[in-house]
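Inside the fold
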Amino acid sequence: MYRVVENPTHQKMLMLISAFAIFMDSLDSSIVNVAMPVIAAEYGIDISAGSWIVMAYLLIMAGFILAFGRVADNGKIREVFSIGFFIFAAGSLLSAISPILSVMIIARGIQGLGASMIAAAAPLLITRFLPEGKRGLGMGVIATTGGIAFTFGPPLGGLLTAFLSWHWIFLINVPIGIAAILLARTVIPKPETKPEKKPFDWKGTWLMFAAIASIILFLERGPVLGWTSVESIVTGTVFTVSIIWFTIHSLKSDNPLLNVRIFKSWKFSAVATSYLLTCGVFAGVMYMVPYYMQTSLSLDAAVSGFLLMISAVITALVGIPVGAWSDRIGCRTPCILAAVFRISFCLILLFIMPQWGVIALLPALVCMGLAFGISGGPATTRIVQFAPKGEEGAGTSVMITTDFLGGVIGVAAYVVMFSFAVPQSIGVPVTSLSSELFLTGFHATAALGLVFGIITLILSAAVPNLIARRELE
């Protein structure tokens, strides 16, 4: 279908545009968090309502990235990539001009839809067009670029928010999106042969999205409406029916969106669950810490962004060396080490007090950077390693989906824990909460992260090491 690109200059251009795409996805994931307290204050919303500005983006990405990956890999890489950037830019523009929260949530959903198309197509530029000997380099380039984006996202978001306004966090995506579309139409080759027509699993796609959306609604609205309210019962029922129906459908389908049989392997399920919780803690803590900085420590958005850069820089610096290290010794030890750092920063956040000042926060930020930097490559590699033979592609799909699904579940879980700990916060703007009440909720979310961290440690240690297809107990 596609011919491998032999021209070195063309290869570099493909790596460049793929890295550029991942950069934008990663940047938009990190640049918004530092502005959340400011946005929440402007809209006059509580932490629960504000979480939807983050969750809408991640929810749509998690729900549709598998589907767009299937479409793109069936001869539509160029189209999915270009249309994705158009939708992403349009959603960014609408986010920037949103006058009320409901419009912002819709806009972020549109942005997430475009981002899911971009994230699905970008890796295919490497795996389908580059020679086998350069694919490792290409994947390394886009992984490193993602780390760099996370590094510059928080300070850039802080600077834009402090010196211009939070609207510019979204507006900068518009000209970039237009440039990406023009570049994609020039650089990405068309398929040389007509793609084979394969039935698309529409039913599986919508059932998966229904399951993800309903469980997030159940978790997020439960504390507000009550767990026995009609809305909670309906969303809980929709989730149960959707996940059972999706499983039955996938088992019967000849071309399922996701082959659920791979979860019969306990090792695969264990490493996938560990990565889901890892992503959940990452998203949850990155959502809550800016609130602590700006509410409890009275820091502005710019200073908060630069402090968050400490974690991001460490993550970017250790990622590649740890990846090379894990190639030599296996992924088990790095994953265990990352879990230890994860537990460490959750413990610090569990007991931290505002009167200790910014200095007390620095060890937590360092441990956060080490935990995320060390676990990134090894944790994702383990998912593919322990996928059943012949199902490596399905393992990769699970890994990509888990990344974003863990993020949206993590934010929802942290918000639920905050609401449980501080019922008075429901429906109350964050700026109206006393420092004591906010701190109670913040410590509760850290306790949840600690539990998740301990589970990742147990799962990481339980699954044996694997080096060059040899298991080492």
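Small disclaimer: the values here were computed from a predicted structure and weren't measured. (Residues numbered from 1 in each chain as written. Predicted model: local features only at pLDDT ≥ 70, side-chain atom pairs only at ≥ 80, totals over all residues. Heavy atoms only, no water.)

A short note on the packing of helix α10 (residues 266-296) against helix α12 (residues 332-351)
At a minimum axis distance of 12 Å, the contact between α10 and α12 shows a crossing angle of 30°. One finds that α10 runs roughly parallel with respect to α12. For the crossing formed where α10 meets α12, the hand is left-handed. Contacts between α10 and α12 involve Thr278, Val281, Val285 and Val289 on the former and, on the latter, Arg342, Phe345, Cys346 and Leu349. Of the residues belonging to the contact of α10 with α12, the class tally is six nonpolar, one polar and one charged. (Axes fitted to C-alpha atoms, helices over the stretch in contact; angles between N-to-C directions. Helix = DSSP H or I, 4+ residues; strand = E, 2+ residues; numbered from the N terminus. Parallel < 35°, antiparallel > 145°, perpendicular 65-115°, else oblique. Left-handed = near helix turned anticlockwise from the far one by under 90°. Contact = heavy atoms within 4.5 Å. Nonpolar A, V, L, I, M, F, W, Y, C, P; charged D, E, K, R; others polar.)

Quick notes on the layout of surface pockets
Quantified by volume, the second largest pocket comes out at close to 560 Å³. The wall of the second largest pocket is formed by 22 residues, among which Met208, Ile243, Leu258, Phe263 and Leu405 lie closest to the centre. Looking at the lining of the second largest pocket, the elements that each hand over two or more residues are α8 (202-225), α9 (230-252), α10 and α14 (392-421). Of the residues assigned to the lining of the second largest pocket, the class counts are 16 nonpolar, six polar and no charged. (1 Å grid on protein atoms, 1.4 Å probe; cavity = no way out; pocket = protein on both sides within 12 Å on 5 of 7 lines; lining within 4 Å. Points joined across faces, edges and corners; volume = space filled by probe spheres on them.)

Quick word on helix α13 (residues 361-385)
Side chains of residues three or four places apart in an α-helix project in the same direction, reflecting 3.6 residues per turn. The terminal C-alpha atoms of α13, which comprises 25 residues, lie 36 Å apart, in line with the 36 Å expected from a rise of 1.5 Å per residue. Helix geometry: α13 is bent most strongly at Gly376, by close to 40°, with proline Pro378 lying one to four residues after it. (Expected span 1.5 Å × (residues − 1). Bend = angle between axes of the 7 residues up to and from the residue.)

A closer look at empty space enclosed by the protein
Tallied over the entire structure, the rule returns three cavities of 30 Å³ or more. There is about 90 Å³ of room inside the largest cavity. Lining the largest cavity we find Ala270, Val271, Ser274, Tyr275, Thr278, Cys335, Arg342, Ser375, Ala379, Arg382, Leu459 and Ser460. With five residues, α10 is the largest single contributor of residues to the lining of the largest cavity. Class assignment for the residues of the lining of the largest cavity results in six nonpolar, four polar and two charged.

Regarding the nonpolar core
One recurring pattern in soluble globular proteins: nonpolar side chains tend to sit buried together. The biggest cluster of nonpolar side chains holds 136 residues, and the ones touching the most others in it are Phe81 and Phe345. Within the second largest apolar cluster, six residues are counted, among which are Val318, Ala338, Leu370 and Ile374. (Core = buried A, V, L, I, M, F, W, Y, C linked by side-chain atoms within 4.5 Å. Buried < 20%, exposed > 50% of the residue type's maximum accessible area, 1.4 Å probe, protein only.)

Some thoughts on the packing of α10 against α13
Remark: α10 packs on α13, axes separated minimally by 10 Å, with the N-to-C direction vectors making an angle of 155°. Comparing the axis directions of α10 and α13 gives the class roughly antiparallel. Handedness of the crossing formed by α10 with α13: left-handed. Mapping the contact onto sequence places Phe268, Val271, Ala272, Tyr275, Thr278, Phe282, Val285, Met286, Tyr292 and Met293 in α10 and Leu361, Leu365, Met368, Phe372, Ser375, Ala379, Thr380, Arg382 and Ile383 in α13.

A look at the side chain of Ser92
Relative to the helices and strands, Ser92 resides in helix α3 (residues 47-96). Assessed through its relative accessible area of 0%, Ser92 is described here as buried.

Concerning the packing of aromatic side chains
Inspection of the entire model under this criterion finds 15 aromatic pairs. Through a chain of ring-to-ring contacts, three or more aromatic side chains come together here, namely Phe64, Phe68, Trp206 and Phe209. (Phe/Tyr/Trp six-rings, centres within 6.5 Å; stacked < 30°, edge-to-face > 60°.)

Side note on a nonpolar patch on the surface
A contiguous nonpolar surface patch, about 540 Å² in accessible area, is contributed by Leu159, Phe163, Leu164, Trp168 and Phe306. Its location among the elements puts Leu159 in helix α5 (residues 132-163). You can call Leu159 partly exposed: its relative accessible area is 33%. (Patch = residues over 30% accessible without salt bridge, like charges linked within 9 Å, V, L, I, M, F, W, Y side chains within 5 Å. Areas by Shrake-Rupley, 256 points an atom, 1.4 Å probe, with all protein chains shown as cover. Salt bridge = Lys/Arg side-chain N within 4 Å of Asp/Glu carboxyl O.)

Some details on unusual backbone geometry
One non-glycine residue, Ser298, lies in positive phi territory at about 60°. In this structure, Ser298 sits in the loop between α10 and α11 (301-329).

Topic: the confidence of the model for the protein
When pLDDT is averaged along the protein, the result is 80; 87% of the residues meet or exceed 70. Here residues 468-473 is a poorly scored stretch, pLDDT under 50, and it has 13 contacts once near neighbours within four places are set aside; other chains count. (pLDDT = per-residue confidence, 0-100.)

Some thoughts on α10
For α10, built from 31 residues, the straight-helix expectation of 45 Å at 1.5 Å per residue is met to within 8% by its first-to-last C-alpha distance of 43 Å. Ser298 sits one or two positions beyond α10 and adopts a positive phi of about 60°.

Notes on the state of the cysteines
Linking two cysteines covalently through their sulfur atoms gives a disulfide. In this structure the tally under the stated criterion is zero disulfides. For the unlinked cysteine Cys331, the closest cysteine sulfur is that of Cys335, found at 6.1 Å. You can call Cys331 buried: its relative accessible area is 3%. Cys346 takes part in no disulfide bond, and the closest cysteine sulfur, belonging to Cys367, lies 10.0 Å away. (Disulfide = S-S within 2.5 Å.)

Some details on the environment of Glu231
Inspection of the secondary structure assignment puts Glu231 in helix α9. Residue class for Glu231 comes out partly exposed when judged on its relative accessible area of 45%. For the pair Glu231 and Leu217, spaced 14 residues apart in sequence, the C-alpha separation works out to 9.0 Å.

A look at the environment of Thr295
If you trace the backbone, Thr295 turns up in helix α10. Separated by 143 residues in sequence, Thr295 and Phe438 have C-alpha atoms that sit 8.1 Å apart.

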